[in-house]
Structure formats: C-alpha cells, structure tokens
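Here is how the chains run, residue by residue.
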Amino acid sequence: MVPNSTNKHSYTEQEIKEMQQVLLETPMDPAYDDICNSFYDGWDRAVHRQMYVRDCYNILKELGRLPPETKCTKR
C-alpha cells in the first residue's frame, strides 16, 4: 500500500491480486460474523484469517475490483 498526495492509500496491482486470491481461497464464513465484528483480542488463527478476508473484501469492493468468482454472499 502506497500513500499518495491525497492521504488516501493506493494499492499496487500485486497487492490487489493477492487480496483477490485470498478471497478465492478463503470464503467468508458467517459463523465468524459476530466475533469479527467485535473487539477480538485473541490469537485464534481462524478468526484472524476471517478478519483478513473481510478486510480484503471491503477494500476490493471499494476499489471495484472484486473477482467475479468470489463466493461471498455477505455485504
């Protein structure tokens, strides 16, 4: 992620591709909705991965770069 003159973050094409790949490999699991929307401070890797997937989804959605194959039914 590269900051630009407008103080908004720009993502490189490589970063975008990596986030798209994350979405394709790890679907959002609704079972994690509550914990991912909380102030989780634990170390469970599954929870952290789900939080990361949601972050990738939100960033790509904002950029209009969600992969068409994404099997995300949320948001």
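Residues numbered from 1 in each chain as written. Predicted model: local features only at pLDDT ≥ 70, side-chain atom pairs only at ≥ 80, totals over all residues. Heavy atoms only, no water.

Engineer: What is the right way to read the overall build of the protein chain from this model?
Structural biologist: Of regular secondary structure, the protein chain possesses 3 helices and 2 strands. Secondary structure elements in the protein chain, listed N-terminal to C-terminal, are β-β-α-α-α. Put simply, the protein chain has 75 residues, and 28% of those count as buried. Put simply, the protein chain shows about 5600 Å² of open surface, and 52% of that area lies on carbon and sulfur atoms. (Helix = DSSP H or I, 4+ residues; strand = E, 2+ residues; numbered from the N terminus. Buried < 20%, exposed > 50% of the residue type's maximum accessible area, 1.4 Å probe, protein only. Areas by Shrake-Rupley, 256 points an atom, 1.4 Å probe, with all protein chains shown as cover.)

Engineer: How should the side chain of Gln 20 be read in this particular structure?
Structural biologist: In this structure, Gln 20 sits in helix H1 (residues 13–25). Among all residues touching Gln 20, those that are not within four sequence positions of it are Leu 60, Arg 65 and Pro 67. (Contact = heavy atoms within 4.5 Å.)

Engineer: Is there a simple way to explain H1 in this structure?
Structural biologist: An α-helical turn contains 3.6 residues, so a residue and the one three or four places further along point in the same direction. Over its 13 residues, H1 extends 18 Å from the first C-alpha to the last, a length consistent with the 18 Å expected when each residue adds 1.5 Å. Residues of H1 that are buried include every one of Ile 16, Met 19, Gln 20, Val 22 and Leu 23, and no others. Viewed end-on, H1 has its buried residues packed into an arc of 155°, placing them on one side of the element. Against helix H3 (45–63) lie the buried residues of H1. (Expected span 1.5 Å × (residues − 1). Arc of directions from axis to C-beta.)

Engineer: What am I meant to see in the environment of Tyr 11 here?
Structural biologist: Turning to its location among the elements, Tyr 11 is positioned in the loop between strand S2 (9–10) and H1. Expressed as a C-alpha distance, the spacing of Tyr 11 and Ile 59, which sit 48 residues apart in the sequence, is 9.5 Å.

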